[in-house]
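Residue-level structural notes
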Amino acid sequence: MRIAVLADIHGNADALSAALHDAATQGAEQLIVNGDVVNRGPDSVQVMHTLLERSDVTFTLGNHDDLLRLWHARSSTLPATWYDDPFWGATDWSATQLHQADLLDIPGQWPMTLELTQPGLPRVQLAHGTRDHYRESLSDRTDPARLEQLRHAPDGNPYGVLIGSHIHRPVQHEHAGTLILNTGAVGSPATGDPRAQYLLLDARPDGWHATLRSVAYDRAGVLRRFNTSGLLRTGLSAHIFRDELITARSLYTPYWTWTEEHAYPRTHATWTEFLNLNPDLQPV
């Protein structure tokens, strides 16, 4: 059995199309979408429709899938100051688009984790982050003590494979006999390589085997839709998401961290200052 595991599509329909086509070409028999289908890019509605129209897809919940539902409901689990902050204009736009298409609440039905079992093979656990939180990173950089906790199921038996996403960086690592995998990102990689990234997982008689795939596609269309859709006019965060797509680098998180450390407002002025301090991150 060959399974394609995609994640972090982030409203990029062209990247999703490229990854799905490649997975079909590679003979994938099953598709798992490991969270963060929506937000950031201009195509959240389109990617939801594309995936929901298929009969072979299983989902897990990602933090951005959940964020849009929480945002639209004005949930108290998010800081109250965010709702009046223009920095969050892109999030508000994407939540509104999904609400108008009657798609906003569907991710609420998705589980936090999935398990795969095959006779004679160890169990596989998938989560967008980890089983404990969808924002927790799973990679070769995760503390070994934490990996040791995660690799054991609640019944005490070890998993043969742990699969995460969220960090937008593909990973293949082994810890104490457990294969640690990260899918990378379909729609917004953070590796400097703009290709759509996903994972193929094969069940073979001798165990589970992973192949990390990177698929080239033309980004001109999705970059154009940032403007034509109206997303780019929502404010700073949309500009940052577009620049992440151009650079294939993480910009939002280091900028957020920098503003938090200095208690700076998130404005075009501080964004310009941040880029001047980090010229290697500037889009060409």
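Quick notes on the rules
- Residues numbered from 1 in each chain as written.
- Predicted model: local features only at pLDDT ≥ 70, side-chain atom pairs only at ≥ 80, totals over all residues.
- Heavy atoms only, no water.
- Pairing = 2+ DSSP bridges.
- Helix = DSSP H or I, 4+ residues; strand = E, 2+ residues; numbered from the N terminus.
- Axes fitted to C-alpha atoms, helices over the stretch in contact; angles between N-to-C directions.
- Buried < 20%, exposed > 50% of the residue type's maximum accessible area, 1.4 Å probe, protein only.
- Right-handed = clockwise from strand over helix to strand, strands pointing away.
- Contact = heavy atoms within 4.5 Å.
- Expected span 1.5 Å × (residues − 1).
- UniProt positions renumbered as here; feature names shortened; annotations may be inferred.
- Salt bridge = Lys/Arg side-chain N within 4 Å of Asp/Glu carboxyl O.
- Polar contact = N/O pair within 3.5 Å; in protein donor to acceptor, adjacent residues only side chain to side chain.
- Lys, Arg positive; Asp, Glu negative; His and termini not counted.

**Brief notes about the sheet that holds strand β9 (residues 196–204)**
- With mixed pairing, five strands are arranged side by side in an open sheet as β3-β2-β1-β9-β10. Edge positions in the sheet fall to β3 (57–60) and β10 (207–215), since each of these pairs with one other strand and no more. Across this sheet, the average inter-strand angle for adjacent strands is 25 degrees, counted without regard to direction.
- In this sheet, β9 lies alongside strand β1 (residues 2–6) in antiparallel orientation, the contact comprising four bridges. Among the inter-strand pairings, I3 is bridged to a residue of β9, identified as L201.

**Comments concerning the pairing of strand β6 (residues 161–164)**
- Going residue by residue along β6, you find V161 and I163 tucked away on one face and L162 and G164 tucked away on the opposite face as well.
- Sheet topology places strand β5 (residues 124–127) next to β6; three bridges connect them, and they run parallel. Across the sheet, the residue bridging to L126 is I163, located in β6.
- Chirality of the crossover, the property in question, places the unit of β5, helix α5 (residues 144–150) and β6 among those that are right-handed.
- In this sheet, strand β8 (residues 178–183) lies alongside β6 in parallel orientation, the contact comprising four bridges. Note that in β8 the partner of G164 across the bridge is N182.

**Some thoughts on the sheet that holds strand β4 (residues 113–116)**
- Spatial strand order, β4-β5-β6-β8-β7: five strands in an open sheet with mixed pairing. Either end of the sheet is taken by a strand with one partner, and the two such strands are β4 and β7 (170–175). For this sheet the average axis-to-axis angle between neighbouring strands, irrespective of direction, equals 15 degrees.
- Both β7 and β8 contribute to a ladder of six bridges, which runs antiparallel. By the bridge assignment for β8, Q172 is matched with L181.

**Quick look at the environment of G184**
- Turning to its location among the elements, G184 is positioned in the loop between β8 and β9.
- Each C-alpha atom of the pair G184 and R219 lies 17 Å from the other, and the pair is 35 residues apart in sequence.
- In this structure G184 touches A7, D8, H168, R169, P170 and Q197, once residues within four positions along its chain are discounted.

**Comments concerning helix α7 (residues 236–247)**
- Look at α7: 16 Å from first C-alpha to last across twelve residues, which is about the 16 Å you get at 1.5 Å a residue.
- Each element contacted by the buried residues of α7 is listed here: α4 (89–100), α6 (220–228), α8 (252–262) and α9 (268–277).
- Among the residues trailing α7, A248 stands out with phi positive, at a value near 55 degrees.

**Concerning the UniProt feature "domain: Calcineurin-like phosphoesterase" (unreviewed entry) in the protein chain**
- Following the UniProt record, one finds the feature "domain: Calcineurin-like phosphoesterase" (unreviewed entry) at residues 1–203.
- Between the C-alpha atoms that bound residues 1–203 the distance is 5 Å, and the span itself is 25% helix and 23% strand.

**With respect to the pattern of salt bridges**
- One pass over the full model with this rule turns up 19 salt bridges.
- One salt bridge connects D43 with R225, and the closest N-O pair in it is separated by 2.8 Å. Of this pair, D43 sits in the loop between β2 (30–34) and α2 (44–52) while R225 sits in helix α6, and the two are 182 residues apart along the sequence.
- Assessed through its relative accessible area of 5%, D43 is described here as buried.
- Between R242 and D243 there is a salt bridge, and its shortest N-O distance comes to 3.4 Å.

**What to know about the environment of R242**
- Structurally, the position occupied by R242 is in helix α7.
- When residues no more than four places from it in sequence are discounted, the contact partners of R242 are L223, F226 and L232.
- A distance of 3.4 Å separates polar atoms of two side chains, one belonging to R242 and the other to D243.

**Remarks on the side chain of D8**
- Along the chain, the position of D8 falls in the loop between β1 and α1 (13–25).
- Buried charge without a salt bridge: D8, with R40 as the nearest opposite-charge side chain at an N-O distance of 6.7 Å.
- Setting aside chain neighbours within four positions, we find D8 in contact with G35, D36, H128, S165, H166, H168, G184, A185, V186, G187 and S188.

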